[in-house]
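A look at the structure
One letter stands for each residue in the lines below.
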Amino acid sequence: REAGANVVTVDPAPGMQADVIAPAEHLPFADGSFDAVATRLAAHHFADALGAVKEMARVAAGRVVVCDNTFVSESSEEADRLRDPSHVRNYGVAEWESFFELAGLEIAEQRCMERPLEIEPWLARVDCPPADAARVRELLGHRIVDGWMNLPTLVLKGVPK
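A brief structural summary. Treat the numbers as computed from the prediction; the structure is a model and nothing was measured.

1. Quick look at the packing of aromatic side chains
In total, this model carries four aromatic pairs according to the counting rule given. Measuring from centroid to centroid gives 5.7 Å for Tyr91 and Trp96, while their planes differ by 80°, and the two rings are edge-to-face. The pair formed by Tyr91 and Trp96 is uniform in burial state, with each residue classed as buried. Seen from their ring centres, Tyr91 and Phe99 are 5.2 Å apart, and the 75° between their planes marks the pair as edge-to-face. We classify Tyr91 as buried; its relative accessible area is 10%. Judged by relative accessible area, which is 12%, Phe99 ranks as buried.

2. Let's talk about the pairing of strand S4 (residues 60-69)
Burial analysis of S4 places seven of its 10 residues in the buried class, the great majority of the element. In terms of handedness, the path from strand S3 (residues 34-40) via helix H1 (residues 49-59) over to S4 forms a crossover that is right-handed. Here S4 pairs with strand S6 (residues 148-160) via six bridges, running antiparallel. Each bridged residue has a counterpart across the sheet, and for Val66 the counterpart in S6 is Leu156.

3. Things to note about the packing of helix H2 (residues 74-83) against helix H5 (residues 130-140)
Where H2 meets H5, the closest approach of the two axes is 9 Å, and the angle between their N-to-C directions is 160°. The angle between H2 and H5 falls in the class roughly antiparallel. Classified by chirality, the crossing of H5 by H2 is left-handed. Touching Ser75, Ser76, Glu78, Ala79, Leu82 and Arg83 of H2 are Asp132, Arg135, Val136, Leu139 and Leu140, all from H5.

4. Focus on the nonpolar core
Within the largest apolar cluster, 26 residues are counted, with the highest numbers of intra-cluster contacts made by Val53, Met56, Val64, Trp96, Phe100 and Leu105. At the level of secondary structure, the elements contributing two or more residues to this core comprise S3, H1, S4, helix H3 (93-102) and S6. Apart from residues lying up to four places away in sequence, Met56 is in contact with Leu27, Val37, Thr39, Val64 and Val66. Counting residues in hydrophobic clusters, the runner-up holds 12 residues, among them Leu123, Cys128, Val136 and Leu140.

Cut-offs and rules
- Chains are numbered independently. Their residues run from 1 in the order of the written sequence.
- Reporting in this predicted model follows two pLDDT cut-offs: at least 70 for local features of residues, and 80 or more for side-chain atom pairs to be given and counted; totals over whole chains, interfaces and linings ignore these cut-offs and use all residues.
- Side-chain descriptors were evaluated using all non-hydrogen atoms of the structure, hydrogens and water having been removed beforehand.
- A pair of Phe, Tyr and Trp rings is counted when the ring centres sit within 6.5 Å of each other, with Trp represented by its six-membered ring. The angle between the planes then sorts it: under 30 degrees is stacked, over 60 is edge-to-face, the rest tilted.
- Note on exposure labels: buried denotes an accessible area under 20% of the residue type's maximum, exposed denotes more than 50%, and partly exposed covers the range between, all computed with a 1.4 Å probe on protein chains only.
- Only runs of H or I of at least four residues qualify as helices and only runs of E of at least two qualify as strands under DSSP, and these elements are numbered from the N terminus.
- By convention a crossover is right-handed if, when the strands point away from the viewer, the path from the first strand over the helix to the second runs clockwise.
- At least two DSSP bridges between two strands are required for those strands to pair.
- Comment: axis = line fitted to C-alpha atoms, over the contacting stretch for helices; angle = value between 0 and 180 degrees taken between N-to-C directions.
- Orientation labels follow simple angle bins: below 35 degrees gives roughly parallel, above 145 gives roughly antiparallel, 65 to 115 gives roughly perpendicular, and whatever is left gives oblique.
- Whether a crossing is left-handed or right-handed is set by the direction in which the near helix is turned from the far one by less than a right angle, anticlockwise for left-handed and clockwise for right-handed.
- Contact definition: two residues touch when any of their heavy atoms are within 4.5 Å.
- Only buried residues count toward a nonpolar core, which is a set of Ala, Val, Leu, Ile, Met, Phe, Trp, Tyr and Cys residues joined through side-chain atoms within 4.5 Å.

The following block contains the structure:
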């Protein structure tokens, strides 16, 4: 927005103060409404990630960008759901590639990286109760070093085929 782009934010939760209240799986926009559609660190909350990617592809005239954490283990998934019950699932790289293929998108760029995450502020952000926070730390214990954990993250950029 600061650079002059017309940005429309979408979120299903009114508390997030998005421009449009809607789930990613049912975007209330016409086909090809946007030059680009992006989601950053939200897809693991989507009830239907494939449906969301199809919707993003439908409303994008050009590029679709997804940046999200990737699957590590079932214990990590349990920790994420315990910390934040709105967490649905992290997906693996092959699953994301399949979602793009099934949505009619060609992968133009793909990048995997590790993002450092400080555990205590992450737990505090969602007011995780102390007993749940202790269990989350236990489930993630092998990944936590000096209060930090690396999150494997994928960035996929796709264009219509």
